[in-house]
Amino acid sequence: MEFSDLKKRIATQMTAEKPDFVQNTDTNINIGFLDLSATQKLIFSVSQFRNRDYLDIRTWFQDQSGEWKPTKKGIHLNLELFNDFQGILEGLASALKTDA
């Protein structure tokens, strides 16, 4: 799938709130975030680099001037491995479920 088509599908199908301080570009689309603290967020995005598509999950922090900046903490996963990654997360989710 072409990256532009992937961006359109993400834009129409993903409903998670997006960070307002990270802008989408021709090669990057933000898909959501989690608040870690008042000055840290976990940002989820999909990007393209050298004609390969990636999932990026990265910690961002707010510096003293109020500007948000990415850290080195995170992963940059080729989307070809996404199904394997999803399987691991589903296994974890299953293990975390408790019988009520």
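Residues numbered from 1 in each chain as written. Predicted model: local features only at pLDDT ≥ 70, side-chain atom pairs only at ≥ 80, totals over all residues. Heavy atoms only, no water.

Asks: Tell me about the overall build of the protein chain, residues and numbers included.
Replies: A tally of helices and strands in the protein chain yields two helices and four strands. In the protein chain, the order of α-helices and β-strands from amino to carboxyl end is α-β-β-β-β-α. Its C-alpha atoms put the protein chain at 45 × 35 × 25 Å along the principal axes. A total of 100 residues make up the protein chain; the buried ones form 30% of that total. Taking contacts inside the protein chain between residues at least 6 apart in sequence as the whole, the part at least 24 apart equals 23%. For the protein chain, the computed accessible surface area is about 7500 Å², with 52% contributed by carbon and sulfur atoms. Where the 12 positive side-chain charges of the protein chain centre and where its 14 negative ones centre are 4 Å apart. (Helix = DSSP H or I, 4+ residues; strand = E, 2+ residues; numbered from the N terminus. Buried < 20%, exposed > 50% of the residue type's maximum accessible area, 1.4 Å probe, protein only. Contact = heavy atoms within 4.5 Å. Areas by Shrake-Rupley, 256 points an atom, 1.4 Å probe, with all protein chains shown as cover. Lys, Arg positive; Asp, Glu negative; His and termini not counted. Charge placed at Lys NZ, Arg CZ, Asp CG, Glu CD.)

Asks: Pulling in residues and values, what's your account of the sheet that holds strand 1 (residues 28–37)?
Replies: Reading across from one edge, 1-2-3-4 is the order of the four strands in this open sheet, with antiparallel pairing throughout. Strands with a single pairing partner mark the edges of an open sheet, and in this sheet they are strand 1 and strand 4 (68–78). Going from strand to strand, the sheet's axes swing by 25 degrees on average, the running direction of each strand aside. The sheet contacts of helix 1 (residues 3–13) involve strand 1, strand 2 (40–49) and strand 3 (52–62), and relative to strand 1 the element is tilted by about 45 degrees. (Pairing = 2+ DSSP bridges. Axes fitted to C-alpha atoms, helices over the stretch in contact; angles between N-to-C directions.)

Asks: Please provide a residue-by-residue account of the pattern of salt bridges, values included.
Replies: This model, assessed by the stated rule, comprises three salt bridges. The partner of Arg 58 in a salt bridge is Asp 56, and the shortest N-O contact between them spans 3.1 Å. On the accessibility criterion, Asp 56 (12% relative accessible area) is buried. When the shortest N-O distance is used, the salt bridge between Asp 63 and Lys 69 registers 3.2 Å. Asp 63 gets classed as buried once you look at its relative accessible area, which sits at 18%. (Salt bridge = Lys/Arg side-chain N within 4 Å of Asp/Glu carboxyl O.)

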